[in-house]
Amino acid sequence: MTSYLTGLIGSGIGPSLSPALHEREADRHGVRLIYRTLDIDVLGVAPEAVGELVHAARRLGFDGLNITHPCKQLVIEHLDELAPEAAELGAVNTVVFRDGRAVGHNTDATGFAQSFARGLADAPTGDVVQLGAGGAGAAVAHALLNLGVDRVTLVDTDTARAAALAAALTSRFGPGRAVSAATGAVAERVAAAERLVHATPTGMVAHPGLPLPVALLRPGLWVAEVVYRPLETELLREARAIGCRTLDGGGMAVFQAADAFRLFTGLEPHTGPMLADLGDLAAFPA
């Protein structure tokens, strides 16, 4: 039987559903796939140790790795090559080991775009406020602009990072398509926006809470989340309670995993059953 050894590097990834999603999909194809979590918190190492973990995985015969917060940008310098989408985004969420080389890919942008098309295709395409300008944030912002939103305003506690991402987006998509704003301007920016996208770890099991005051939400605001564990974050729960349309992070998680599975194995994933798997798996407490 054909077999694959893969894994996930990141912080607080114990509740991740990626192992089950990949392993169940492999079962449907009649191949064996083992998916291990390499949690830097459990290992007691800093995010900068991602390079050592990648090199160790390559030596141990892994076929590939997924990379998540906070290592999506830190991993780049430790790779031999970047696929075009990863180079463009400046972030990697999938590493494939092939022919002695470690190649970085990014499936987050396509994952978000597919989730959006499935869940909120008819949402207004006006101004968007996006919280978070890290690895996931870069991918989501690119996806939003490719989907036709007028402008993305990036807000991040690291103001330099938000400004750098806004500059990169402007260079690609044109003047005025992306700007950055200080965290103190969130209330004003959200009040003028039609959409709110959350792309930070806040709301994850390991990082509970809200990324902004509930008072800033209002009926009619479109709210999208990248966190999927739990599937209903506190942000989505509060947004739905006041009448916002929402998009949970489950679709993005499945579609980016499907694209990564294809890269790892060369097999075409079954996204319908994978979405059903997510609903089944997410029903269990993290």
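The paragraphs below set out a description of the structure included in this document. Please read these numbers as outputs of a predicted model, since none were measured by experiment. (Residues numbered from 1 in each chain as written. Predicted model: local features only at pLDDT ≥ 70, side-chain atom pairs only at ≥ 80, totals over all residues. Heavy atoms only, no water.)

Here's the deal with the sheet that holds strand S5 (residues 94–98)
Argument step 1. Taken in spatial order, the 6 strands line up as S2-S1-S3-S5-S6-S4 in an open sheet, and their pairing is mixed. Looking at the sheet topology across the chains shown, the edges are occupied by strand S2 (32–39) and strand S4 (81–82).
Argument step 2. Bridge analysis of strand S3 (residues 64–67) against S5 gives 3 bridges, and the strand direction is antiparallel. What sits directly across from Leu-65, in S5, is Val-95.
Argument step 3. Contacts from helix H1 (residues 18–29) reach S2 and S3, with the element oriented near 170° to S2.
Argument step 4. Sheet strands in contact with helix H10 (residues 250–265) are strand S1 (3–10), S2, S3, S5 and strand S6 (101–105), and its direction is about 10° off that of S5. (Pairing = 2+ DSSP bridges. Helix = DSSP H or I, 4+ residues; strand = E, 2+ residues; numbered from the N terminus. Contact = heavy atoms within 4.5 Å. Axes fitted to C-alpha atoms, helices over the stretch in contact; angles between N-to-C directions.)

Examining the pattern of salt bridges
Argument step 1. Here the structure, examined in full by the defined rule, presents 15 salt bridges.
Argument step 2. A salt bridge links Glu-81 to Arg-101; the shortest N-O distance between them is 3.6 Å. Taken together, the residues span a long stretch of sequence, with Glu-81 in strand S4 and Arg-101 in strand S6 at a distance of 20 residues.
Argument step 3. Owing to a relative accessible area of 39%, Glu-81 belongs among the partly exposed residues under this scheme.
Argument step 4. A salt bridge links Glu-232 to Arg-237; its shortest N-O distance comes to 3.7 Å.
Argument step 5. A single network of salt bridges, built from pairs that share partners, joins Arg-24, Glu-25, Arg-28, Asp-277 and Asp-280. (Salt bridge = Lys/Arg side-chain N within 4 Å of Asp/Glu carboxyl O. Buried < 20%, exposed > 50% of the residue type's maximum accessible area, 1.4 Å probe, protein only.)

Description of helix H7 (residues 159–173)
Argument step 1. Taking 1.5 Å of rise per residue, the 15 residues of H7 would be expected to cover 21 Å, and the 21 Å separating its terminal C-alpha atoms lies within 8% of that figure.
Argument step 2. Taken as a whole, H7 has its buried residues at Ala-162, Leu-165, Ala-166, Leu-169 and Phe-173. Looking down the long axis of H7, one finds its buried residues gathered within 105° of arc, a one-sided arrangement. Across from the buried face of H7, at angles greater than 90 degrees, the exposed residues are Ala-160 and Ser-171.
Argument step 3. Where H7 is buried, its residues touch helix H6 (135–146), strand S8 (151–155) and strand S9 (178–181).
Argument step 4. With its phi angle positive at about 110°, Gly-174 sits one or two positions after the end of H7. (Expected span 1.5 Å × (residues − 1). Arc of directions from axis to C-beta.)

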